[in-house]
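# Structure assessment
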Amino acid sequence: NAGVTQTPKFRILKIGQSMTLQCTQDMNHNYMYWYRQDPGMGLKLIYYSVGAGITDKGEVPNGYNVSRSTTEDFPLRLELAAPSQTSVYFCATSGVAGELFFGEGSRLTVL
Amino acid sequence: QQQVKQSPQSLIVQKGGISIINCAYENTAFDYFPWYQQFPGKGPALLIAIRPDVSEKKEGRFTISFNKSAKQFSLHIMDSQPGDSATYFCAARVGNFNKFYFGSGTKLNVKP
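A quick note: this is a predicted structure, and the numbers were derived from the prediction, not measured.

Side-chain pairs of opposite charge can arise where the charged atoms are in close proximity. With the rule as written, the count across this model stands at six salt bridges over all chains. A:E79 is the partner of A:R77 in a salt bridge, and the nearest nitrogen-oxygen pair spans 3.1 Å. Note on A:R77: relative accessible area 32%, which makes it partly exposed. The class of A:E79 is partly exposed, set by a relative accessible area of 36%. The residue B:K57 makes a salt bridge to B:E59 at a minimum N-O spacing of 3.6 Å. We classify B:E59 as partly exposed; its relative accessible area is 37%.

This paragraph deals with the state of the cysteines. Residue and element names in this part refer to chain B. Evaluated as defined, the whole model comprises two disulfides over all chains. Disulfide pairing is shown between C23 and C90; the S-S distance is 1.9 Å. Looking along the S-S bond of the C23-C90 disulfide, the torsion reads about -95°, which is the left-handed sense. Of the two residues, C23 sits in strand β3 (residues 19-25) while C90 sits in strand β9 (residues 86-94), which places them 67 residues apart along the sequence. Residue C23 is classed as buried on the basis of its relative accessible area of 3%.

About the criteria used
Residues numbered from 1 in each chain as written. Chains lettered and ligands numbered in written order. Predicted model: local features only at pLDDT ≥ 70, side-chain atom pairs only at ≥ 80, totals over all residues. Heavy atoms only, no water. Salt bridge = Lys/Arg side-chain N within 4 Å of Asp/Glu carboxyl O. Buried < 20%, exposed > 50% of the residue type's maximum accessible area, 1.4 Å probe, protein only. Disulfide = S-S within 2.5 Å. Helix = DSSP H or I, 4+ residues; strand = E, 2+ residues; numbered from the N terminus.

Any link to function would need more than the numbers given here.
Structure, rendered in structure tokens:
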């Protein structure tokens with residue numbers, strides 16, 4: 001039982017490149033989230049989804065896109081990477097009880 | 001603006017002491033207040049949580065105190081141990097969207 005799996009764990013991008021962070025869960029949870037974590041800033045919600053086919057913006061959505069075609073997968077797309085997107089990205093899921101389950105994170109550096 | 005304000009940013013406590021972390025919020029739509037613990041290189045994990053109809057919840061050495069009228073809640077770690085050294089985040093949930101907002105985090109260092 002893997003829980004929430006994120007790939008890749010580390011990535012270095014050049015300014016202007018694009019990439020997709022993958023997130024897969026085997027917990028059969030409807031809710032899925034993408035957060036970014038910057039030092040001293042806590043976790044900021046980028047996008048979230050309440051089920052397959054339904055997504056919505058969080059606190060800091062600019063520069064990102066998401067899709068949710070299945071219950072299991074919630075990829076995060078970065079278009080035209082910028083140094084401000086250097087961060088640690090966490091995917092999370094939640095069931096009806098409200099507890100968030102996080103992946104181990106993806107550390108992205110944009111140079 | 002920051003939906004949940006957390007303090008202090010860092011905390012040093014001697015082994016056996018009490019660690020106290022405070023959070024405050026304004027949004028009365030929040031209906032669930034969890035605390036998460038994060039070790040370096042790992043994702044946050046749920047530590048303890050409280051709902052606003054309860055003023056205190058205790059699980060082992062960890063206690064949440066909740067003051068609904070003041071819109072404040074705090075985490076108390078009794079008999080702090082070096083293994084408690086981690087970053088702690090408070091959070092609050094808007095129930096009808098299941099959206100969670102996090103505080104800025106407190107890095108706790110428990111000295112042996």
